[in-house]
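Now for the letters of each chain:
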Number of protein chains: 2
Amino acid sequence: MAPFITKFEPYEPEEYVVDKKNGTKSPARLEKIAIVGSGSWGTALARVAALNAAEREGFDPEVRIWVREHEVPGRGKLTDIFNRTHQNERYLPNVDLPENLVAVPSLKETVRNASLILIVVPHQYLPGILEELKEPGLISSRARAISAIKGVEVVIQKDEQGNNNTAEIYTYPSVIEKELGIPCTALGGANIALDVGRGEFCETTIGVPSAKDAALWHAVFDGPTFRVHPIEDVAGVSLSGALKNVVALAAGFVDGMGLGGNTKAAILRIGLLEMSTFTLEFFPGSSPLTFSHHSAGVADLITTSFGGRNRKCAEAFIKSKPQYSGEQQGKSFEQLEQELLNGQKLQGTLTSQEVFEFLEARGRLEGYPLFEKVYRIAFEEMDPKRLFEDL
Amino acid sequence: MAPFITKFEPYEPEEYVVDKKNGTKSPARLEKIAIVGSGSWGTALARVAALNAAEREGFDPEVRIWVREHEVPGRGKLTDIFNRTHQNERYLPNVDLPENLVAVPSLKETVRNASLILIVVPHQYLPGILEELKEPGLISSRARAISAIKGVEVVIQKDEQGNNNTAEIYTYPSVIEKELGIPCTALGGANIALDVGRGEFCETTIGVPSAKDAALWHAVFDGPTFRVHPIEDVAGVSLSGALKNVVALAAGFVDGMGLGGNTKAAILRIGLLEMSTFTLEFFPGSSPLTFSHHSAGVADLITTSFGGRNRKCAEAFIKSKPQYSGEQQGKSFEQLEQELLNGQKLQGTLTSQEVFEFLEARGRLEGYPLFEKVYRIAFEEMDPKRLFEDL
């Protein structure tokens, strides 16, 4: 990890063709961007990419975004509404999208001929999507992918007696690389989608070791209010995006118990250390600087723990408990996801389960008391006040 | 800075005397705690120390706290009210203080015979206090001090033409050591006073390289909901406590402009890096880990930037500006301090001025664009929207 920050020259098309008649030159080939996922974060990133594609030399201005089709009662097909109003009314309301961002109902048609593919879906949907994208010939071997998925893939193999045998953990960029056979980098940062949609100043981190690819992805996303910093640590960016949601659950528990800023800051500090320690333990090529210095680390954790959906549901989870609500029974995260998230998915609870199972199978729970307690409070009825024990 | 975390054994009295009659042994000498400063933070720390002094072997249970005397109309002297009600009604309302915490109107009587002196006053008051404490014989040469002061001392010497000649910066622990001739360590962390007063879970960092002193200060302050971590880096703990208030002003500017969590997290990330870089540049023995790993660093910055008084006044400062308020003229920080802080002092604005003058005199402003802009927005009418330029 020598230089850590990926050094790159600003993007320029590799080859030009010259028009013999009038001597003008133009890029030999245009980069074509596809967005797989149209939730709030996917749409916000698609907006940034489409604004850049329309302006920058070397890019096909049409950016395609995959929108699952359905009929909106009395108004027609969802993709037609998207392409007529240039808004994603459900997931990114009141944000005007560029006209060159085009909703496409077919996943395959979205990515066909694309050279730059952003994958930004709830991680539970990824296996089915990759299955479809693996169709031979669909994705060019020259294409590149970038993952903004928050999560990890944990595979636990049991022996014949049903005991845990081996446990492995993979980042989504590595899963995508393996399944699609193209290089995949990672994007993460302090980026609540609605605020990015409104064009408020923010930063993001891209984990991309190749200087050439760093230049390309920088050109796709960087802008005056969306500052992109490429670093070499793909696994760190990806893991941080997953694990911060587990810490955000703890932050929500603190809010739910009505505790103040000191307690929350202590939980964030301890959580950031567990995120960094976990990543360095299981992905030894990573850098602690990803967590301490970059938007994908400390800044994303702060934003998510004060404003994100995991925090919100975790607060409601605690407040619904009998000792706080006076009701007979608390609510489960499944219930709260349906009540509070308007169809969005919660990533932190799933990641918490996966990380817990992985650490348990590896016999390493003792190294991560905060991760362990978040799981036990969320799924095993542990008293939330015990969050602070043994930290 | 080899091990960085200060290793120590739990505190025990050094010597015992044995009662020949019944064979019981007791410490030869009791540690006596004095608190210089009775604002909200001083009172909250005094509460923690007095609870420990009452319970732990080797401590004189009486903890003295210096309270500036005045007559409260119709109710008598302030120290009498404090000692009768066991509350500091103005600065730490609704918090019951231990009965062994005794308010003393004389500064000299507060520290006489004390072996452990906590100094926790707004930094503008320190010179006068040190002048009084320097009286020969008043403070024992065996005493130890700890500073919870937020600020730095900047000394700029000008030549005969009035040009800047030299600029020096000192931490308060080093100033106190020099003036009083006793060792001084630093305390800092994510500790909003009212929440500490309520006994909510939090952490704090003590910069104290000596293992013996670490054990002593740990015994004074550590408790089940106030976790003390000693580290070797005195300057880092002290500087972080000062500089975080400058970043908190920037966070307040962001809030005042009505921007969201992404922008604030970006400002915190950049601010944390400037805090760490500044400290390492001018106090080369410090450690970046103080900022990235400890409560005095990242956690204190988070708490202060979401809940502190500097953030609050900075938000009001922006909102009072003509472009946001519609009024003819905005308010100055002096005005806002009087309107909003109920007699408490603002530390960030003073620190911002001092750091700006120091960096300007050293020709190093370009290395710290956020610190520079906070100063220019606060004192030179710079448009707050320019906060994000060149970061």
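Residue numbers here run from 1 along each chain, matching the order of that chain's written sequence. Chain letters start at A and ligand numbers start at 1, both assigned in the order the entries are written. For this predicted model, a pLDDT threshold of at least 70 governs which residues receive local features, and a threshold of 80 or more governs which side-chain atom pairs are given and counted, while totals over whole chains, interfaces and linings are taken from all residues. Heavy atoms from the whole structure form the basis of all side-chain values; hydrogens and water molecules are not counted.

**Comments concerning the interface of chain B and chain A**
Right, so step 1: Any two residues having at least one pair of non-hydrogen atoms within 4.5 Å are treated as being in contact. Listed per partner, the contact involves 35 residues of chain B and 35 residues of chain A.
Right, so step 2: For the pair chain B and chain A, the two sides together bury roughly 2,900 Å², of which 60% comes from carbon and sulfur.
Right, so step 3: When the buried surface of chain B facing chain A is broken down by residue, B:Phe201, B:Asn262 and B:Arg269 rank first, second and third, together holding 26% of it.
Right, so step 4: Put simply, a salt bridge is a Lys or Arg side-chain nitrogen that is within 4 Å of an Asp or Glu carboxyl oxygen. The tally of links between chain B and chain A comes to 2 salt bridges.
Right, so step 5: Here B:Arg269 and A:Glu203 are joined by a salt bridge, their closest N and O atoms 2.6 Å apart.
Right, so step 6: Nitrogen and oxygen atoms within 3.5 Å of one another constitute a polar contact, given that in protein one can donate a hydrogen and the other can accept it, and given that sequence-neighbouring residues count only through two side-chain atoms. At the junction of chain B and chain A, the tally comes to 16 residue pairs in polar contact (both at pLDDT 80 or more).
Right, so step 7: Taken together, the elements giving at least two residues each to the side of chain B that touches chain A come down to α6 (193-197), β13 (202-207), β14 (226-231), α9 (261-282), α10 (289-293) and α11 (295-307) of chain B.
Right, so step 8: A run of H or I in DSSP counts as a helix once it spans at least four residues, and a run of E counts as a strand once it spans at least two, with each numbered from the N terminus. Among the elements that make up the side of chain B that touches chain A, the one with the highest residue count is α9(B) (10 residues). Summed over both partners, the accessible area lost on bringing two parts together, with a 1.4 Å probe, is the buried area.

**Examining empty space enclosed by the protein**
Right, so step 1: Residues are called lining when one of their atoms sits within 4 Å of a cavity or pocket point, these points coming from a 1 Å grid over the protein atoms alone, where a cavity is a set in which a 1.4 Å probe fits but cannot get out and a pocket is an open set with protein on both sides within 12 Å along at least five of seven lines. Grid points are joined across faces, edges and corners, and a volume is the space filled by probe spheres set on the points. Across all of its chains, the model carries 1 cavity of 30 Å³ or more by this definition.
Right, so step 2: Each pocket or cavity is described by its volume, and for the largest cavity that value is around 50 Å³.
Right, so step 3: The wall of the largest cavity is formed by A:Leu272, A:Leu273, A:Ser276, A:Pro288, A:Phe291, A:Ser292, B:Ser292 and B:His293.
Right, so step 4: Broken down by secondary-structure element, the contributors of at least two residues to the lining of the largest cavity are α9 (261-282) and α10 (289-293) of chain A together with α10 of chain B.

**What to know about the UniProt feature "binding site: substrate" (unreviewed entry) in chain A**
Residues and elements named next belong to chain A.
Right, so step 1: When the UniProt feature table is mapped onto this chain, "binding site: substrate" (unreviewed entry) is found at Lys 150, Arg 309 and Asn 310. These annotated residues cover 161 residues of sequence, but their C-alpha atoms sit close together, with the largest distance between any two at 12.8 Å.
Right, so step 2: Summarising the element assignment, Arg 309 is placed in helix α12 (residues 309-319).
Right, so step 3: Exposure classes here rest on a 1.4 Å probe applied to the protein chains alone. A residue is buried below 20% of its type maximum, exposed above 50%, and partly exposed in between. Residue Arg 309 is classed as partly exposed on the basis of its relative accessible area, which comes to 29%.
Right, so step 4: Beyond its immediate stretch of four places on either side in the chain, Arg 309 contacts Ser 40, Leu 341, Gln 344, Lys 345 and Leu 346.
Right, so step 5: Relative to the helices and strands, Asn 310 is located in helix α12.
Right, so step 6: Using a relative accessible area of 4% as the deciding quantity, one classes Asn 310 as buried.
Right, so step 7: Every residue in contact with Asn 310, bar those within four places of it in the chain, is listed here: Asn 245, Ala 248, Leu 249, Leu 346, Gln 347, Gly 348 and Thr 349.
Right, so step 8: For Asn 310, the side chain forms a polar contact with the side chain of Asn 245, separated by 3.0 Å. UniProt positions are given in the numbering used here, feature names are shortened, and annotations may be inferred rather than shown by experiment.

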